[in-house]
Amino acid sequence: MPPRYFKNDAELSRRDPHRQVEASLIRLVTEHPPQSITPGGGLFKGPISVAYTLMKLHQLYPHLEIESRTLAAWSADYLRYAQDNIATYPGPTVGLCGIMDDIMCLLAIGAASNKDASIAADLCDYSAEVLDPESVNEFLFGRAGYLYLLRLVKASFPDDPQTLQLLTDTQDDVIDEILASPRPWKWHSKAYVGAIHGAIGIITQIVLSNPAKYAPKLEAELAVVLTYQFPSGNFPSSVPPEKDRLVQICHGAPGVIVSLKSIERYFPALKDKIDKAITNGRACIWERGLLTKEPCICHGISGNALALADAEFEHFLTYTTGHEILSMEKDGMLDRSSAPESLFGGEAGRAWCWAVADLGLDKTVLGYNDL
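Residues numbered from 1 in each chain as written. Predicted model: local features only at pLDDT ≥ 70, side-chain atom pairs only at ≥ 80, totals over all residues. Heavy atoms only, no water.

Asker: Provide a residue-level description of the pattern of salt bridges, including the pertinent values.
Answerer: With the rule as written, the count across this model stands at 15 salt bridges. Put simply, Arg27 and Glu347 hold a salt bridge, and the shortest N to O gap is 3.1 Å. Of the two residues, Arg27 sits in helix H1 (residues 17-31) while Glu347 sits in helix H16 (residues 347-359), which places them 320 residues apart along the sequence. Arg27 sits in the buried class, given a relative accessible area of 16%. (Salt bridge = Lys/Arg side-chain N within 4 Å of Asp/Glu carboxyl O. Helix = DSSP H or I, 4+ residues; strand = E, 2+ residues; numbered from the N terminus. Buried < 20%, exposed > 50% of the residue type's maximum accessible area, 1.4 Å probe, protein only.)

Below is the structure:
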């Protein structure tokens, strides 16, 4: 196995982000066409994750064509392939009702893109599985992920009070259930800390859903999370803390920082503590964040880049080009992704990060805190 990260000792550099957006998208559609992708995985991986990324990027680049086709046309191809395999998707169940669930993701995308209130209602009907006492609270498989899907739909119905109220009521039901759950929140019997399975991810999804109502109720909870930071600036995967090891979005400082940047304004009383956590966390990422895992959002350089300030962000992205990935592989330094097409684990996520750099967008994770 290659080492976990390599030394960050090069001078600050950058690449032309627009050229890299186009190069990433060309690789995506040519190396990972719809029929080559294993169905399943919701927004996290698989054809739905690619379709959602392309749909969002089309909104940002409405005139961009890749291989003589618009991003909307490509998105429709991946979405159609995902829908063609709908019979293979088990559907939401207790313990599988977050962004990994294909049926709920298809409903959310369908309701949002078509502004279809009946599909939005169908998504809300699945709250029964989400609210089951045995359901989990984390983001990938649980209630926090469902909150993202509800926000995705809600953004498309600003002028439909009835649908907005249904979505808001469903959000509140889910959030109230999360807040009524025993502390610490656990997944697989462990009290995780990070963005994907842990406390900061749950707090972030709740606050972004309704900051005025719920941020005050979560201030003490967030203050506790901040106390978990290691002297190195990293955060543990779970508590009680074990080794100071993983520096990535799903486990460690990058996910905590990306989350804090999107919710910090709702916690003015914690400003000094949040600022300190971000400063120390970024120092850790700068030292240990050039990971040998294939550059991606969840556990690679692309996601770590999103946690950094502008110049450092662009510097990290220089290690996510097609040329750099091939060089790492040639040198035996690359740990290949199991979902190389995907939003969280592969090329689709790299395209998103380059678009963030190209357009100067907020450094958010698409599918997590972009809404």
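Asker: Residue-level account of helix H2 (residues 47-60), with values.
Answerer: Over its 14 residues, H2 extends 20 Å from the first C-alpha to the last, a length consistent with the 20 Å expected when each residue adds 1.5 Å. Among the 14 residues in H2, 11 count as buried, and that is most of the element. All of the buried residues in H2 are Pro47, Ile48, Ser49, Val50, Ala51, Tyr52, Thr53, Leu54, Met55, Lys56 and Leu57. For H2, the secondary structure elements touched by its buried residues are H1, helix H3 (71-84), helix H4 (102-114), helix H7 (143-154) and H16. (Expected span 1.5 Å × (residues − 1). Contact = heavy atoms within 4.5 Å.)

Asker: How would you sum up the UniProt feature "binding site: Zn(2+)" (unreviewed entry) in the protein chain? Please name residues and give values.
Answerer: UniProt annotation of "binding site: Zn(2+)" (unreviewed entry) refers to Cys250, Cys298 and His299 when read in the numbering used here. Across 50 residues, the annotated set stays spatially compact, with a maximum C-alpha separation of 6.4 Å. Relative to the elements of secondary structure, Cys298 occurs in the loop between helix H12 (271-288) and helix H13 (301-306). Sequence-distant contacts of Cys298, defined by excluding residues within four places in its chain, comprise Phe44, Ile196, Gln248, Ile249, Cys250 and Phe344. By the element assignment, His299 lies in the loop between H12 and H13. His299 sits in the partly exposed class, given a relative accessible area of 23%. Setting aside residues up to four positions removed in sequence, His299 forms contacts with Gln248, Cys250, Leu291 and Lys293. (UniProt positions renumbered as here; feature names shortened; annotations may be inferred.)

Asker: Can you break down the nonpolar core residue by residue, with the values?
Answerer: Core analysis: the largest hydrophobic core is formed by 125 residues, its most contacted members being Leu25 and Phe344. The leading source of residues in this core is H4, at 9 residues. For Phe344, the residues in contact, after removing those within four places along its chain, are Leu43, Phe44, Ile99, Phe139, Ile196, Cys296, Ile297, Cys298, Val365, Leu366 and Gly367. (Core = buried A, V, L, I, M, F, W, Y, C linked by side-chain atoms within 4.5 Å.)

Asker: Please set out the environment of Val29 residue by residue, giving values where relevant.
Answerer: Note on placement: Val29 falls in helix H1. As a C-alpha pair, Val29 and Asp358 span 329 residues in sequence and 20 Å in three-dimensional space. Residue contacts for Val29: discarding those within four places in its chain leaves Ile66, Glu67, Trp74 and Tyr78.

Asker: Any chance you could break down the packing of helix H9 (residues 199-209) against helix H10 (residues 211-226) for me, citing the residues and the numbers?
Answerer: Remark: H9 packs on H10, axes separated minimally by 8 Å, with the N-to-C direction vectors making an angle of 160°. In terms of orientation, H9 and H10 fall into the roughly antiparallel class. Relative to H10, H9 is oriented so that their crossing is left-handed. Along its contact with H9, which presents Ala199, Ile200, Ile203, Ile206, Val207, Leu208 and Ser209, the element H10 presents Pro211, Tyr214, Ala215, Leu218, Glu221, Leu222 and Val225. (Axes fitted to C-alpha atoms, helices over the stretch in contact; angles between N-to-C directions. Parallel < 35°, antiparallel > 145°, perpendicular 65-115°, else oblique. Left-handed = near helix turned anticlockwise from the far one by under 90°.)

Asker: Tell me about the state of the cysteines, and name the residues and values.
Answerer: Disulfide: a covalent bond formed between the sulfur atoms of two cysteine residues. Enumeration over the complete set of coordinates arrives at 0 disulfides. Free of any disulfide, Cys97 has its nearest cysteine sulfur in Cys105, 11 Å distant. A disulfide-free cysteine, Cys353 has its sulfur positioned 9.3 Å from the sulfur of Cys296, the nearest such atom. (Disulfide = S-S within 2.5 Å.)

Asker: I'd like a description of the side chain of Gln229, backed by residues and values.
Answerer: Assignment of secondary structure puts Gln229 in the loop between H10 and strand E4 (238-239). In this structure Gln229 touches Asn234, Phe235, Ala277, Asn280 and Gly281, once residues within four positions along its chain are discounted.

Asker: Quick rundown of the confidence of the model for the protein chain? Include the residues and the values.
Answerer: Chain-level statistics for the protein chain give a pLDDT mean of 97 and a share of 100% at 70 or above. Averaged pLDDT values for the elements of the protein chain fall to 96 in helix H15 (residues 322-330) and rise to 99 in H9. (pLDDT = per-residue confidence, 0-100.)

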